[in-house]
Amino acid sequence: MEINDLTPAELRVWQAFATGAEVDFREGAEPEGAPERTLRAGVLRTLLLNGPREPGEIVALKVRGALVTGLLDLRYATVDSVIHLTHCRFESAPDLVGAQLRYVSLRDSELPGLSVTRARIDGSLRLTRCRFDGAVRLDGTQIAGVLFLDDASVAVGDSVQPALQLNQASVDDDLCARGLRARGRVRLDGATVTGSIDLENADLSNPGGNVVDAEALEVGANLLGRRLRAHGRIDMRGARVPGRFDLLYSRLSNPGGTAMRASSCVIGELWLRKGPPIEGMLNLRRSQIEHLNLEPEMLPGQVRLLDLTYGSLTPHEPPERRLPMLERDEDTFDPHGYEQLTASYRRTGDEHAARLVQLAKQRHHRTTLPWYGRLWGHVQDATVGYGFRPMRALGWLLSLLAVGSVTFAVHAPPPLKPDEAPHFNPVFYTLDLLLPVISFGQEPAYAPDGGQQWLSYVLVLAGWILATTVVAGVTRTVSRQ
């Protein structure tokens, strides 16, 4: 391109490029879109690929406040200068597919979209406060620095097409997206972020569909989502976040579907606190979490916790507030969930709470048994609380002992052999009936009849039941220890 073919605005940019000087079109009084502020995309392409150089100077394209017409096509190009096109408006979506770039900043610009698929950027990509009226494609892109999307806005009219596409992307630093506003799906499948992902105050919406696809996402540090608002399904199956997954004050909503699926994940800390109840199902199946910071108030009506493993659970809540989350996992009985909750209480030294969780486990298991199993379970529960309330057995024994002693004291049963029978003692006679493994010589020497005979049958049967349940409870206690 001949320099004589340039407009005055383009000539200013052409001359400033050789020394890396900045051209700010906002300084004049010309309205946006005036010829004095308009640059052709073809001129910028020529400048980046074959622009003038001066010895000892670092070339750079630094423009503010321009209207860029036409398509900025840098597909598979190698650009060795930095690109600053800030506070600009683009008529067409720039195409940087497969390009090799040093540093790109489009901060505070308005674009109909952006395509940087499979590109390589040796520095950072800054899209802070950009407004995109179409999809932003960064899939497969390698960024050596930081990816800035703070306060950016992306909107697509098609709910199927992703608004922000970062699948298989690689960011060697942080992904900063505080205040990001996306209307459409955000794809992070297979992406790798060496630092942290910051989505604080982000507003993501794709009602009726997936709002975030982040399967097999790899994060080197933290995933921060305080005050995140997500309307749609978050899918993070198989993600790895060794640091903190922070969802304090967040609002997750997908009524009638799954609000968040974080199954088969490996997470250092998961914080779900201070926010409203999750609208939709929460799925944490088969995940491994070192520290689970969870408030019962945030849990939805449906949770999936099968094979969830966690090292510690805070804040410390009584079992009555923790147990409902185990009972909301469909109609299945998951003993592993009860064992995890029991272990978390024992690590804090709350043995009483641990026993209550184990008792709830047995009661839940009872609902899955046939009728005869449920009947025997009710007996064990009523007598000794499945071994977790052994003092109940002593209370039953003392009550039956009192009833039998009073009854037989009022009317002693006749002896079988009057000349050989020992002196009748109603207390020890009742003990002989109640305790199947101990004999005081009273029971075989006397033969009750009528109502006393039926009472003796009841005492013998009750004694066997109490003895069996006590043995079962003691065995369960020993096995726990």
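Here goes a summary of the coordinates provided. What you see as residue numbers is a count from 1 along each chain, following the sequence as written. For this predicted model, a pLDDT threshold of at least 70 governs which residues receive local features, and a threshold of 80 or more governs which side-chain atom pairs are given and counted, while totals over whole chains, interfaces and linings are taken from all residues. Hydrogens are left out, water is left out, and the side-chain values use all remaining heavy atoms of the structure.

### Quick notes on the overall build of the chain
We count it as follows: We count a stretch as a helix when DSSP gives it H or I for four or more residues in a row; a strand needs E for two or more, and each element gets its number in order from the N terminus. The globule rule used for comparison is 2.2 Å times the number of residues to the exponent 0.38, while the radius of gyration itself is calculated over C-alpha atoms. To sort residues, take the accessible area from a 1.4 Å probe on protein chains only and compare it with the maximum for the residue type: under 20% means buried, over 50% means exposed, and anything in between is partly exposed. The criterion used for residue contact is that any of the two residues' heavy atoms lie within 4.5 Å. Residue exposure ignores everything except the shown protein chains as possible cover, and the areas themselves are Shrake-Rupley values with a 1.4 Å probe. Positive charges come from Lys and Arg, negative ones from Asp and Glu, while His and the chain ends are left out of the count. Lysine's charge is taken at NZ, arginine's at CZ, aspartate's at CG and glutamate's at CD.
When you go through the chain residue by residue, the secondary structure sums to nine helices and 35 strands. Against the globule reference of 23 Å for 481 residues, the chain gives a C-alpha radius of gyration of 37 Å, more extended than a compact globule. In terms of overall dimensions, the chain has C-alpha extents of about 140 × 40 × 30 Å along its principal axes. Counting across all 481 residues of the chain, residues that qualify as buried make up 51%. Summarising the internal contacts of the chain: among those between residues at least 6 apart in sequence, 44% fall at separations of at least 24. By element, 53% of the accessible surface of the chain is carried by carbon and sulfur atoms, the whole surface being about 21,900 Å². Each charge class in the chain was averaged separately, 52 positive and 57 negative side chains, and the resulting centres sit 2 Å apart.

### A closer look at the packing of aromatic side chains
The condition is simple: Note on aromatic contacts: the rings of Phe and Tyr and the six-membered ring of Trp form a pair at centre separations within 6.5 Å, being stacked when their planes are under 30 degrees apart, edge-to-face when over 60 apart, and tilted otherwise. Lysine NZ or arginine CZ positioned within 6 Å of the ring centre and within 35 degrees of the ring normal marks a charge as sitting over the ring.
This structure, assessed with the given rule, holds five aromatic pairs. Relative to Y429, the ring of F424 lies with its centre 5.5 Å away and its plane at 50 degrees, an arrangement referred to as tilted. When the ring of W454 is compared with that of Y457, the centres are 5.7 Å apart and the planes differ by 85 degrees; the resulting orientation is edge-to-face. With a gap of three residues between them, W454 and Y457 both fall in helix 9 (residues 451-480), about one helical turn apart. Owing to a relative accessible area of 43%, Y457 belongs among the partly exposed residues under this scheme. When the ring centre of F148 is taken as reference, the NZ or CZ atom of R126 above it lies at 3.8 Å. A cation sits over an aromatic face here: R244 above W271, 5.2 Å from the ring centre.

### Quick word on helix 2 (residues 41-50)
What counts here: Along the arc lie the directions from the helix axis toward the C-beta atoms.
Within helix 2, the full set of buried residues consists of A41, V43, L44, L47 and L48. Along helix 2, the residues classed as buried sweep out an arc of 160 degrees about the axis, all on the same side. Considering only its buried residues, helix 2 is in contact with helix 1 (8-17), strand 2 (38-40), strand 3 (60-64), strand 4 (67-69) and strand 5 (82-86).

### Let's talk about the packing of helix 3 (residues 319-327) against helix 4 (residues 335-347)
Basically, it comes down to this: For helices, the axis comes from a line fit to the C-alpha atoms of the stretch in contact; other axes are also lines fit to C-alpha atoms, and the angle between any two N-to-C directions lies between 0 and 180 degrees. With respect to orientation, any angle under 35 degrees is reported as roughly parallel, any angle over 145 as roughly antiparallel, any angle of 65 to 115 as roughly perpendicular, and every other angle as oblique. Two helices crossing with the near one rotated counterclockwise from the far one by less than a right angle form a left-handed crossing, whereas a clockwise rotation gives a right-handed crossing.
Between helix 3 and helix 4, the least distance of the axes is 10 Å, while the angle of their chain directions is 155 degrees. As judged from the angle between their axes, helix 3 and helix 4 are roughly antiparallel. Crossing of helix 3 against helix 4: the hand is right-handed. Across from P319, R322, L323, L326 and E327 in helix 3, the residues of helix 4 making contact are G337, Y338, L341 and Y345.

### Structural notes on unusual backbone geometry
At the junction of T314 and P315, the peptide bond is cis and its omega measures out at -5 degrees in the coordinates. One can find P315 in the loop between strand 35 (309-314) and helix 3. With a phi close to 60 degrees, Y76 is a non-glycine residue in the positive phi region. Mapped onto the fold, Y76 is located in the loop between strand 4 and strand 5.

### Overview of the pairing of strand 29 (residues 240-246)
Formally: Strands are labelled as partners when DSSP assigns at least two bridges between them.
Summarising the sheet, strand 27 (residues 223-224) and strand 29 pair through two bridges and their orientation is parallel. Across the sheet, residue L224 finds its bridge partner in strand 29, namely D246. Bridge count for strand 29 against strand 31 (residues 266-272) is five bridges, and the pairing is parallel. In the sheet register, R244 faces strand 31, and the bridge partner there is E269.

### Some words on a nonpolar patch on the surface
Operational definition: Only residues above 30% relative accessible area that lack a salt bridge enter a patch, with like-charged residues linked at up to 9 Å and the nonpolar side chains Val, Leu, Ile, Met, Phe, Trp and Tyr linked at up to 5 Å. The salt bridge criterion pairs a side-chain nitrogen of Lys or Arg with a carboxyl oxygen of Asp or Glu, the two atoms within 4 Å.
Together, V427, F428, V437, I438 and F440 line one region of the surface with nonpolar side chains, adding up to about 440 Å² of accessible area. You can see F428 is positioned in helix 8 (residues 426-434).

### Observations concerning the environment of E279
Within the fold, E279 resides in strand 32 (residues 279-283). Assessed through its relative accessible area of 36%, E279 is described here as partly exposed. When the C-alpha atoms of E279 and A462 are compared, they prove to be 50 Å apart, with 183 residues separating the residues in sequence. Apart from the residues within four sequence positions on either side, E279 is in contact with L252, S253, N254, P255 and A259.

### So, the side chain of S263
Note the following rule: The term polar contact refers here to a pair of N or O atoms within 3.5 Å; inside protein, the definition further demands a hydrogen-donor-capable atom paired with an acceptor-capable atom, and it admits residues adjacent in sequence only when both atoms are side-chain atoms.
Here S263 is to be found in the loop between strand 30 (251-261) and strand 31. A polar side-chain atom of S263 sits 3.4 Å from a polar atom in the side chain of R261. Apart from residues no more than four positions distant in its own chain, S263 is found in contact with M236, R237, G238, N283, L284, R285, R286 and S287.

### Focus: the pairing of strand 33 (residues 288-294)
For strand 33, the buried fraction is high: five of the seven residues fall into the buried class. Two elements, strand 31 and strand 33, share six bridges in a ladder whose sense is parallel. Residue pairing in the sheet places E269 in a bridge with H291 of strand 33. Strand direction decides the pairing type here: strand 33 and strand 35, joined by five bridges, are parallel. Its bridge partner being in strand 35, I289 is matched across the sheet by Y310.

Read these as spatial facts, not as claims about activity.
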